[in-house]
Structures are given as structure tokens and as C-alpha cells.
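Letter by letter, the chains look like this.
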Amino acid sequence: MKKLSEQEIESELTKLNGWEYADGAIETSFEFKDFKDAFSVMTRIAFECEAQGHHPDWSNVYNSLHIRLNTHDAEGITEKDFKLAHSIEEIIESE
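Scope of this entry: the structure provided in the associated data block. Since the model is a prediction, treat every value here as computed from it, not as a measurement. (Residues numbered from 1 in each chain as written. Predicted model: local features only at pLDDT ≥ 70, side-chain atom pairs only at ≥ 80, totals over all residues. Heavy atoms only, no water.)

**Digging into the packing of helix α2 (residues 35-52) against helix α3 (residues 79-93)**
Applied cut-off: Fitting a line to C-alpha atoms yields each axis, with helices limited to the stretch in contact; the angle taken between N-to-C directions then spans 0 to 180 degrees. Secondary structure elements follow DSSP: runs of H or I of four or more residues count as helices, runs of E of two or more count as strands, with numbering from the N terminus. Left-handed describes a crossing in which the near helix is turned anticlockwise from the far one by less than a right angle; the clockwise case is right-handed. We call two residues in contact whenever any of their non-hydrogen atoms come within 4.5 Å of each other.
Where α2 contacts α3, the two axes come as close as 10 Å, and the packing angle between them is 145°. Our pair here, α2 against α3, has a crossing hand that is right-handed. Where α2 approaches α3, its residues Val41, Arg44, Ile45, Glu48, Cys49 and Gln52 are matched on the opposing element by Lys80, Lys83, Leu84, Ser87, Ile88, Ile91 and Ile92.

Here it is as C-alpha cells:
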């Protein structure tokens, strides 16, 4: 899969809410009511990641979730990352 240029990344980021490009990845953070809600969303995201065969670097502390996406094989950002980011947004918005 082709690594995107910084211009392509910036253009794609305009189609997402709250994501930014930093240190070779696109990333965002979410806050939930409590740990149970955060973990529930993480579980839904995990199933989507498996379906797409693409997995985030993420961390969770109590009610917060931080997600970073990049394509290790391409050593940068690809369309795969933006596809998963859009899927994550759909999951978050459905909550």
C-alpha cells in the first residue's frame, strides 16, 4: 500500500473530527462517562480492527482512550489508516 504524502494526509484529515498528524501517525483522543463505557467502545473498535486487518496503537486510562494509526509496512500513513479512522468515528458517533 502506498504511503501518503503530507499534503495528502492533511487533505484527508479535513474529513475527520479531532484527528491530527503527529510523529508519523494520525491520532485522536476520546473521553467517556466511565471505564465501562470506554472499554465497551474499545471492544467494538477491536472487532472492526480485526475485520479490516489493521490494528491501532492505543492506550486507555479509566475513561480516556488515545488512538494512533499508521501502517508499519509502509512506514507511514496510508489509505488503510484513514479507512479505519472513519470506521472508528462511526463507532464513536453511534454511542
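**As for a nonpolar patch on the surface**
Rules: Note that patches include only residues with greater than 30% relative accessible area and no salt bridge, and the join distances are 9 Å for like charges and 5 Å for nonpolar side chains (Val, Leu, Ile, Met, Phe, Trp, Tyr). Note on areas: Shrake-Rupley with a 1.4 Å probe; residue coverage comes only from the protein chains shown. One side-chain nitrogen of Lys or Arg within 4 Å of one carboxyl oxygen of Asp or Glu is enough to make a salt bridge. Per-residue accessibility, obtained with a 1.4 Å probe over protein chains only, is compared with the maximum for each type, and a residue is labelled buried under 20%, exposed over 50%, and partly exposed between these values.
Taken together, the side chains of Phe35, Phe39, Val61 and Tyr62 define a hydrophobic patch exposed on the protein surface, amounting to about 440 Å² of accessible area. Considering the arrangement of structural elements, one finds Phe39 in helix α2. When its relative accessible area of 46% is taken as the criterion, Phe39 is described as partly exposed.

**Some details on the pairing of strand β3 (residues 57-61)**
What counts here: We call two strands paired when DSSP finds no fewer than two bridges between them.
In terms of strand pairing, β3 meets strand β4 (residues 64-69) through five bridges, oriented antiparallel. What sits directly across from Val61, in β4, is Ser64.

**Re the environment of Thr43**
Within the element layout of this structure, Thr43 appears in helix α2. When its relative accessible area of 31% is taken as the criterion, Thr43 is described as partly exposed.

**So, the side chain of Glu89**
Put simply, the test is: Charge counting follows a simple rule: Lys and Arg are positive, Asp and Glu are negative, and His as well as the terminal groups are ignored.
Here Glu89 shows up in helix α3. Lacking a salt bridge, the buried Glu89 has Lys15 as its closest oppositely charged neighbour, with an N-O distance of 12 Å.

**Notes on α3**
Heads up, the condition is: Under the convention used throughout, the expected extent of a helix is 1.5 Å for every residue step, that is, one less than its residue count.
Compared with the 21 Å implied by 1.5 Å per residue over 15 residues, the 21 Å span of α3 between its first and last C-alpha is a close match. Restricting attention to buried positions, one finds in α3 the residues Asp81, Phe82, Leu84, Ala85, Ser87, Ile88, Glu89, Ile91 and Ile92. Taken together, the buried residues of α3 touch α1 (6-13), β2 (25-31), α2 and β4.

**As for unusual backbone geometry**
Here Tyr62, not a glycine, exhibits a phi torsion of approximately 50°, which is positive. Tracing the backbone shows Tyr62 in the loop between β3 and β4. For Glu75, which is not glycine, the phi dihedral falls at a positive 55°. When its relative accessible area of 68% is taken as the criterion, Glu75 is described as exposed.

**Overview of the side chain of Ser87**
The residue Ser87 is located in helix α3 in this model. Take Ser87: its relative accessible area is 14%, and that puts it in the buried class. Sequence-distant contacts of Ser87, that is, excluding residues within four places in its chain, are made with Glu48 and Gln52.

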